[in-house]
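Read off the chains here:
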Amino acid sequence: MASQVNDETAPVTRQRLRVTGVVQGVGFRPTVYQLATSLDLAGCVGNDSAGVFIELEGPAAAIDEFVLRLQADPPPLAHIDSVTRRVMSPQGETKFVIVESRSDSSATTLVSPDLEVCDDCLAEMNDPDDRRYRYPFINCTNCGPRFTITKSTPYDRPFTTMASFVMCELCQSEYDDPADRRFHAQPNACPDCGPRIWLERDAVVPVDDVVAATRDLIANGEVVAIKGIGGFHLACDARNAEAVAIMRARKHRTAKPFAVMAADMATVETIANLASAERDLLKSPQRPIVLVEESTGSDLVAGIAPGNSRIGVMLPYTPLHHLLLEPGDVWVMTSANYASEPIVKSNREARAKLSELADTLLLHDRSIHVHCDDSVVRIAAGEELPIRRSRGFAPFPVRLARSVPPTLAVGGELKATFCLADGTNAFMSQHIGDMENLETLDAFTAAVAHMVELFRIEPETVVADLHPRYLSTRWAQEHYSDRLILVQHHHAHIASVMAEHGHTDPVIGFSFDGTGYGDDGTIWGGEVIVGDLDDLHRAGRLGTALLVGGDAAVKRPYRMALSHLWAAGIGWDERLPPVTHSSEEERRIIRQQLETGLNSVETTSMGRLFDAVASIAGVCQEISYEGQAAIELEALGTADAEGRYRFDLISDDEALIIDPGAVVAAVAGDVAAGVPASVISGRFHAAVAAVIVAAAEHLRRRYHIGTVALSGGVFQNVTLLESAKKGLEEVGFAVLTHRLVPPNDGGLALGQIALVGRR
Ligand code: ZN
Ligand code: ZN
Ligand code: FE
């Protein structure tokens, strides 16, 4: 006969639980408190630098039940990595309490990214009877700023930029009440005790209603700098051509697309054709900028994304955004900075730097400790393709398949990010910017110091790009010359996509981008890299052309076109756009440089081949932002097998050469025959996709590898990515593409980290 378990008489045990993951600042302790008390368990819960510790005293069966329920139903924003249990001796406790945070210098905890305002907070903000009615800093344990206000860990108010605000009695009682949604919500605040907003021109603008006044300014065509979560935005009405033109002129930004914020999903539907994956992404808690197809009925001004078929759209994510934008509103919301400098984040900086860009500043007094730009994501083959991984994602780690010692990888130059890793956690930084000036280098230094402080990882190894002139490489040499490893750029790209898939077996990697420093001192960018993480090597490449005049060939695609035509033995026919775009004198100098190699460097860059084709097809002759020519070429059409061009694949013992000569000749022939640029674009995209498949098949016969990895900035091109992936899968390859970090240099640091474990 089975005996009945009686809780009254069951022996009391005590266990210590250790919970790791994103468990701080997400309402974890109140959930634990409520669960423990509902199961009549005594003990305590608290934060420390390693995560959350819980001590439970009661019948063993109740403790088991507790663990089951906690894992099955954690707070919405929590992410439990592991729960470990250890038996202790009972202490005769009868109550469950929440204890003070403990600081422990040896452990790593995770810090939550900044979060969009939750529905509960929004409902309160819109309730005239609520004490936080229309309060722009409303938040709770389920929402609000985290990463950008946290100076150190554990995540506790004194270690945040909210430390300077003393909570009023009401706020404090919410903060202290384990049953309240604001229990230990570190940024908790209200109109009586918390941050506030105001408008400034030369001095504070005296207005009763800052939100209404700002709406009026925008409606009148002004540019307003609005302080947000990770920095300032420049805002104007996206339907006011004059306002958009003024913003472009002041930012000296001629063509680079501006992102917009639309008041709500219904408003987005009026300007864009959305796929369901794009809708989900727009509404996701990360609230990224999503690159979507602008609809023909869109009434946004053309100057927002010239030459692009896509526009970057995001939904409001702070309470202030929800107050500012009303249904139907679409505002340009672009990072407030000068060209390549980091986003402005302090009021002092805003007054000094933004007064020329914006007519009015909308300021607040909650400090931003570290900057964090908006993230940018695109959908490719139904999956997320990060273009910029920043707010909402950083500093959530990427998990490594292979453990590494404490390591800092400093990334590349453009779209810079870095990565701090220890064990299997790889903490990718927020987007830093283009490392071309001291301001960005300062922001980089500050961001590294912040992450080292948050995660208490003191790097034993530092990894940098092989390029001797990258500021990031020089920075690493200056600070860590005693522990520095240099890694080749295109190896790092391939390792990056392998790392995010936890793939350690050999791959055939296509590392296609604009520029990377090669082993031989030339500029690489059309590389076929074969091997596993321990041994990657160059097994193929694009045929070379000369970068005539170095950087000038990057900024002026027509020079690259002349160079590729020359390499292919095609005359500079007067009907070809790169010829008509250049003067006879310039062509004479270019011809001389091509003949002598003077002031020129060899390149295998696939990005430059896209530039050359865009120029020959008459799409783009000069660029004002990185990748512009390729983006405009992609915008014209879909990969079209009908009449597609063909690369020659030349194999010798050393490497496989993808010779672009026949493609360049065919493009020039089509242009001369009056074939439209959209058709040329389709045929070219199809040709690149086809040669990837052909090269992969060739190398599969040689190396017996069945997995292909696609990385490098060229694979931001969704037309190419989807077409190559499809072709590779049709002939039986497994294909690795980016889903967690960008294929561009923003994802490079992850690959650098992955290569540290090399045997
Ligand atoms: Zn909330
Ligand atoms: Zn208050
Ligand atoms: Fe690159």
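These numbers come from a predicted model, not from an experiment.

## Some remarks on empty space enclosed by the protein
Gaps left between atoms show up when a probe the size of a water molecule is rolled over them.
Part 1 of the argument: The final tally for this structure, using the stated rule, is seven cavities of 30 Å³ or more.
Part 2 of the argument: As a volume, the largest cavity reaches approximately 150 Å³.
Part 3 of the argument: Forming the boundary of the largest cavity are 18 residues, of which Pro136, Ile229, Thr318, Pro319 and Arg366 lie nearest the centre.
Part 4 of the argument: In terms of residue count, the dominant contributor to the lining of the largest cavity is helix H9 (residues 319-324) (three residues).
Part 5 of the argument: The residue makeup of the lining of the largest cavity, split by class, is ten nonpolar, six polar and two charged.

## Describing the coordination of the zinc ion (ligand 1)
Ideal values differ by geometry: the angle at a metal is 109.5 degrees with four tetrahedral donors, but 90 or 180 degrees with six octahedral donors.
Part 1 of the argument: Protein coordination of the zinc ion (ligand 1) is provided by Cys118 (SG), Cys121 (SG), Cys140 (SG) and Cys143 (SG), with donor distances spanning 2.3 to 2.4 Å.
Part 2 of the argument: Coordination at the zinc ion (ligand 1) comes from four donor atoms whose angles at the metal span 104 to 118 degrees, giving a geometry best classed as tetrahedral.
Part 3 of the argument: Coordination of the zinc ion (ligand 1) draws on donor residues from a single chain, spaced C-x2-C-x18-C-x2-C in sequence. As far as burial versus exposure is concerned, cysteine 118 and cysteine 121 are alike and both buried.

## Quick word on the environment of arginine 85
Part 1 of the argument: Topologically, arginine 85 is positioned in strand E4 (residues 79-88).
Part 2 of the argument: With a relative accessible area of 38%, arginine 85 lands in the partly exposed category.
Part 3 of the argument: Arginine 85 sits 68 residues away from leucine 17 along the chain, and the two C-alpha atoms are 4.6 Å apart.
Part 4 of the argument: Here arginine 85 is in contact with Gln15, Arg16, Leu17, Ile63, Asp64 and Val67, once residues within four sequence places are set aside.
Part 5 of the argument: Looking at arginine 85, its side chain comes within polar contact range of the side chain of glutamine 15, at 2.9 Å.
Part 6 of the argument: Engagement of the side chain of arginine 85 in a polar contact is seen with the side chain of aspartate 64, the distance being 2.6 Å.

## Focus: the packing of aromatic side chains
Part 1 of the argument: Summed over all chains, the structure comprises nine aromatic pairs.
Part 2 of the argument: Taking the centre distance of 6.2 Å and the plane angle of 65 degrees together, the rings of tyrosine 33 and phenylalanine 96 count as edge-to-face. Residue tyrosine 33 is found in helix H1 (residues 28-38), and its partner phenylalanine 96 is found in strand E5 (residues 96-98); the two are separated by 63 residues along the sequence.
Part 3 of the argument: Of the residues examined, tyrosine 33 reaches a relative accessible area of 23% and is grouped as partly exposed.
Part 4 of the argument: With a centroid separation of 5.7 Å and 15 degrees between ring planes, the pair formed by phenylalanine 512 and phenylalanine 715 is classed as stacked. Separated by 203 residues along the polypeptide, phenylalanine 512 in strand E22 (residues 507-517) and phenylalanine 715 in the loop between strand E29 (707-711) and helix H22 (718-730) bring together distant segments of the chain.
Part 5 of the argument: Residue phenylalanine 512 is classed as buried on the basis of its relative accessible area, which comes to 0%.
Part 6 of the argument: Among the aromatic side chains, those forming a connected cluster through ring pairs are Phe418, Phe444, Trp475 and Tyr480.
Part 7 of the argument: Stacked on the ring of phenylalanine 258, the Lys or Arg arginine 248 has its end atom at 4.1 Å from the ring centre.
Part 8 of the argument: Arginine 700 extends its terminal NZ or CZ atom over the ring of phenylalanine 733, reaching a point 3.9 Å from the ring centre.

## Structural notes on the confidence of the model for the protein chain
Part 1 of the argument: Taken as a whole, the protein chain shows an average pLDDT of 93; of its residues, 97% reach a score of 70 or greater.
Part 2 of the argument: Predicted confidence is poor over residues 1-6, with pLDDT under 50, and the contacts of this stretch with residues over four places away or in other chains come to zero contacts.

## Observations regarding helix H4 (residues 169-176)
Part 1 of the argument: Among all positions in H4, only Cys171, Glu174 and Tyr175 are buried. Along the long axis of H4, the arc covered by the buried residues comes to 100 degrees, so they all point the same way.

## Description of unusual backbone geometry
Part 1 of the argument: Cis geometry is found at the peptide bond from threonine 153 to proline 154, where omega equals 0 degrees.
Part 2 of the argument: In this structure, proline 154 sits in the loop between helix H3 (119-125) and H4.
Part 3 of the argument: Between alanine 394 and proline 395 the backbone carries a cis peptide bond, its omega angle lying at 5 degrees.
Part 4 of the argument: Topologically, proline 395 is positioned in the loop between strand E17 (383-388) and strand E18 (398-409).
Part 5 of the argument: With phi around 55 degrees, arginine 134 is a residue other than glycine that occupies positive phi space.
Part 6 of the argument: In this fold, arginine 134 is placed in the loop between H3 and H4.
Part 7 of the argument: Exposure remark for arginine 134: the relative accessible area of 36% places this residue in the partly exposed category.
Part 8 of the argument: Of note, the phi angle at histidine 704 is positive, near 60 degrees, even though the residue is not glycine.
Part 9 of the argument: As for its position among the elements, histidine 704 is in the loop between helix H21 (677-703) and E29.

Reading the values: the criteria
- For every chain, the first residue of the written sequence is number 1, and numbering continues from 1 along that sequence.
- The naming scheme follows written order: chains are lettered A onward, ligands numbered 1 onward.
- Residue-level local features of this predicted model are given only where pLDDT is at least 70; pairs of side-chain atoms are given and counted only at 80 or more, and the full residue set underlies all totals for whole chains, interfaces and linings.
- Note: side-chain values were computed over all heavy atoms of the structure, leaving out hydrogens and water.
- Cavity and pocket criteria rest on a 1 Å grid covering protein atoms alone: a 1.4 Å probe that fits but cannot get out defines a cavity, protein on both sides within 12 Å along at least 5 of 7 lines defines an open pocket, and an atom within 4 Å of a point defines a lining residue.
- Grid points are joined across faces, edges and corners, and a volume is the space filled by probe spheres set on the points.
- Secondary structure is summarised from DSSP: a helix means a run of H or I of at least four residues, a strand means a run of E of at least two, and numbering begins at the N terminus for each.
- Three classes are used, and their members are as follows: Ala, Val, Leu, Ile, Met, Phe, Trp, Tyr, Cys and Pro are nonpolar, Asp, Glu, Lys and Arg are charged, and the others, Gly among them, are polar.
- Think of the donor list as every N, O and S atom within 2.8 Å of the metal, or within 3.2 Å for Na, K and Ca; water never makes the list, so a site can look incomplete.
- Any coordination sphere not matching a tetrahedral pattern (four donors, all angles between 85 and 135 degrees) or a square planar or octahedral pattern (four or six donors, opposite donors over 155 degrees apart, other angles between 65 and 115) is reported as irregular.
- Throughout this description, buried means an accessible area under 20% of the type-specific maximum (1.4 Å probe, protein chains only), exposed means over 50%, and partly exposed covers the range between.
- For this analysis, residues touch if any pair of their heavy atoms sits within 4.5 Å.
- Side-chain atoms alone can form a polar contact between residues adjacent in sequence; in general such a contact is a pair of N or O atoms within 3.5 Å, and within protein one must be able to donate a hydrogen while the other accepts it.
- Pairing of aromatic side chains here covers Phe, Tyr and the six-membered ring of Trp, requires ring centres within 6.5 Å, and sorts the geometry by plane angle: under 30 degrees stacked, over 60 edge-to-face, intermediate tilted.
- Note on geometry: a ring has a charge over it if NZ (lysine) or CZ (arginine) is within 6 Å of the ring centre and within 35 degrees of the ring normal.
- Per-residue confidence from the predictor is reported as pLDDT, a score between 0 and 100.
- Comment: arc refers to directions from the helix axis out to C-beta atoms.

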